[in-house]
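# Structural characterization, general
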Amino acid sequence: QVQLIESGGGLVQAGGSLSLSCVVSGRTFSSAAMAWFRQAPGKEREFVAAIGAATFYADSVKGRFTISRNNAQNTVYLQMNSLKSEDTAAYYCAARRNLAIVLVPAGYDSWGQGTQVIVSS
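Cut-offs applied
Residues numbered from 1 in each chain as written. Predicted model: local features only at pLDDT ≥ 70, side-chain atom pairs only at ≥ 80, totals over all residues. Heavy atoms only, no water. Helix = DSSP H or I, 4+ residues; strand = E, 2+ residues; numbered from the N terminus. Rg over C-alpha atoms; globule rule 2.2 N^0.38 Å. Buried < 20%, exposed > 50% of the residue type's maximum accessible area, 1.4 Å probe, protein only. Contact = heavy atoms within 4.5 Å. Salt bridge = Lys/Arg side-chain N within 4 Å of Asp/Glu carboxyl O. Polar contact = N/O pair within 3.5 Å; in protein donor to acceptor, adjacent residues only side chain to side chain. Pairing = 2+ DSSP bridges. Axes fitted to C-alpha atoms, helices over the stretch in contact; angles between N-to-C directions.

### Brief notes about the overall build of the protein
Counting secondary structure elements, the protein contains 0 helices and 11 strands. The order of α-helices and β-strands along the protein, N terminus first, is β-β-β-β-β-β-β-β-β-β-β. In terms of overall size, the protein behaves like a compact globule, its C-alpha atoms giving a radius of gyration of 13 Å where 121 residues would be expected to give roughly 14 Å. Viewed in the frame of its principal axes, the protein has a C-alpha envelope of about 40 × 25 × 25 Å. Counting over 121 residues, the protein shows a buried share of 42%. Restricting the contact set of the protein to residue pairs at least 6 apart, pairs at least 24 apart contribute 60%.

Written out as structure tokens, the structure reads:
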């Protein structure tokens, strides 16, 4: 059984930084592409960043967010800098069975429970 557990969300002022973590168990982590998605109230879940055979970012976060992974610790990270109020959302980490990067939620078969990020302006 695959489990993904996110942590690191919280309340931060605009311009500040937060770092999210996601620990994965029950899957060969090093061969799994990992992604972060986010969902604001009343909106669809949207792609933020992914890391697998390469890394990829949504235009809205490029240059501000950095995705990374530590295969020895089965953990993927999302460092978020220069946060804006529009970054406010629940952030979810997701895993798929190979290293190919996919930008839509349907491409991932395992999800965490989400962690809330609130950016105050």
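### Considering the pattern of salt bridges
One pass over the full model with this rule turns up 6 salt bridges. Residue Asp109 pairs with Arg27 through a salt bridge whose shortest N-O separation is 2.9 Å. Of this pair, Asp109 sits in the loop between strand S9 (89-95) and strand S10 (110-111) while Arg27 sits in the loop between strand S3 (18-25) and strand S4 (34-39); the two residues are 82 residues apart in sequence, bridging distant segments of the chain. The class for Asp109 is partly exposed, based on a relative accessible area of 39%. As a salt-bridge pair, Arg97 and Asp109 come within 3.3 Å of each other at their nearest N and O atoms. Taken together, the residues Arg97 in the loop between S9 and S10 and Asp109 in the loop between S9 and S10 connect sequence positions 12 residues apart.

### Description of the side chain of Thr75
When you line up the elements, Thr75 lands in strand S8 (residues 75-80). Separated by 2.7 Å, the side chain of Thr75 and the backbone oxygen of Gln73 make a polar contact.

### Digging into the sheet that holds S3
Taken in spatial order, the 4 strands of this open sheet run S1-S3-S8-S7, and their pairing is antiparallel. Of all the strands in the sheet, just strand S1 (3-7) and strand S7 (65-70) have a single pairing partner and so form its edges. Strand-to-strand twist across the sheet, computed as the mean angle between neighbouring axes with direction ignored, equals 15°.

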